[in-house]
Amino acid sequence: MDLISNIKNMNKTVLITGATSGIGLACARKFAENGDRLILTGRNEQRLNEIRKELTEKGADVLTLAFDVRDREKAANYIQELPTDWQVIDVLVNNAGLALGLEPEYEGNPDDWETMIDTNIKGLLTMTRLIVPGMVERNRGHIINIGSVAGDAAYAGGNVYCATKAAVKALSDGLRIDVANTAIRVTNLKPGLVETNFSNVRFHGDNDRAANVYKGIKPLTGDDIADVAVFAANAPEHVQIAEVLILATHQASGSVIVRTI
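Every chain's residues receive numbers from 1 upward, in the order its sequence appears when written. Two thresholds apply to this predicted model, a pLDDT of at least 70 for residue-level local features and 80 or more for giving and counting side-chain atom pairs, whereas whole-chain, interface and lining totals are computed over all residues. Water and hydrogen atoms were dropped before computing side-chain values, which therefore reflect all heavy atoms in the structure.

1. Focus: the side chain of K165
Just so we agree on the cut-off: By the criteria applied, helices consist of DSSP H or I runs no shorter than four residues and strands consist of E runs no shorter than two, each listed in order from the N terminus. By definition in these notes, contact holds between two residues if any of their heavy atoms fall within 4.5 Å.
Structurally, the position occupied by K165 is in helix 6 (residues 159-178). Discounting chain neighbours no more than four positions away, the residues touching K165 are N120, I146, G147, S148, A150 and G151.

2. Focus: unusual backbone geometry
As a reminder, the rule being used: For every residue, the accessible area obtained with a 1.4 Å probe (protein chains only) is divided by the maximum for its type, and the residue is called buried under 20%, exposed over 50%, and partly exposed between those limits.
The residue N139 is not glycine, and still its phi comes out positive at about 60°. Here N139 lies in the loop between helix 5 (110-138) and strand 5 (142-146). Overall, N139 belongs to the partly exposed group, its relative accessible area being 40%. Even without being glycine, H204 reaches a positive phi, approximately 55°. Assignment of secondary structure puts H204 in the loop between helix 7 (198-202) and helix 8 (207-212).

3. A short note on the packing of aromatic side chains
Which entries qualify depends on this criterion: Only centres within 6.5 Å qualify two rings of Phe, Tyr or Trp (six-membered ring in Trp) as a pair; their planes then separate them into stacked at under 30 degrees, edge-to-face at over 60, and tilted for everything else. Any Lys NZ or Arg CZ found within 6 Å of a ring centre and within 35 degrees of that ring's normal is scored as a charge over the ring.
As enumerated under the stated definition, the model contains two aromatic pairs in all. For the pair F67 and Y78, a centre-to-centre distance of 5.3 Å together with 20° between the ring planes defines the contact as stacked. Of this pair, F67 sits in the loop between strand 3 (62-66) and helix 4 (72-80) while Y78 sits in helix 4, and the two are 11 residues apart along the sequence. Given the relative accessible area of 32%, Y78 is considered partly exposed. Positioned over the ring face of W86 is R37, at 3.8 Å from the centre of the ring.

4. Topic: helix 3 (residues 45-56)
For clarity, the threshold we go by: Each helix should span, by expectation, one fewer than its residue count multiplied by 1.5 Å. An arc is given here, and it is the one of the directions from the helix axis to the C-beta atoms.
For helix 3, built from 12 residues, the straight-helix expectation of 16 Å at 1.5 Å per residue is met to within 8% by its first-to-last C-alpha distance of 16 Å. Residues L48, I51 and L55 constitute the buried set of helix 3. Down the axis of helix 3, the buried side of the element spans an arc of 65°, and every buried residue falls inside it. Seen from the open side of helix 3, the exposed residues pointing more than 90 degrees away from its buried face are Q46 and K53. The inward-facing, buried residues of helix 3 contact helix 2 (22-33), strand 2 (37-42) and strand 3.

5. Observations regarding the nonpolar core
To keep it simple, the criterion reads: Residue types Ala, Val, Leu, Ile, Met, Phe, Trp, Tyr and Cys, when buried and joined through side-chain atoms within 4.5 Å, form a set referred to as a nonpolar core.
If you look at the biggest cluster of nonpolar residues, it comprises 35 residues, and the most contacted ones within it are I16, F31, L38, L40, L55, V93 and I144. For this core, the secondary structure elements donating two or more residues are strand 1 (13-16), helix 2, strand 2, helix 3, strand 3, strand 4 (91-94), strand 5 and helix 9 (222-233). The element that contributes the greatest number of residues to this core is helix 2, accounting for seven residues. Apart from residues no more than four positions distant in its own chain, I144 is found in contact with V91, L92, V93, N94, T187, L189, A229 and A233. In terms of nonpolar packing, the next biggest core, distinct from the first, is built from 21 residues, I39, I131, M135 and I184 among them.

Here it is, written out as structure tokens:
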């Protein structure tokens, strides 16, 4: 089977969290190019409206939901109130996530810890709990969790963020076990260095410090990760791409990066 040539014949309804920037936005654009219908979530309603306009002008069918995945009640209300023709979700992309700070663990900001844990772990669990039961009932579906190379091993200053991404790996593996008796697939994508607004957020808007993260190396882009997500979602039904580690060519691990300057 030629997967690439057949990929556009397998259209789905795809829900993507954290779709207003970075990997989430890249996934929205790539799945739209594939002809899939999109449910896009994020905190910034204005940005969601802009993205919906961009994609609908290109022929995509897009529904936007403005909520924070940390708000379990609001998330539940939005999902439960989906229009009838949007209720069957084929692919859930749990992308919403962030890193905050790069301090030693004993000097970290507890507010940053709570934001990372509530978003990266509890937000993922909330969306999984809301969407996956319908997949189980229909005996079809795909969950794509955006993890990180940081989930494989901690790096200096990464402590809590690395712990949250290790949790994403464990939750992905656990869910895959839980649905092994169904036709549902679970994929954990683990990007390395990706140039998005990730570092700007981590350093609380310090753009100069964020730019230094990518100096001397050609990092991945959101499109690179989105390409893998679309590929995994469109693999033959008997193929489950369980986990993919995606690194820039000169990155060997979360802590080993060879720079030219």
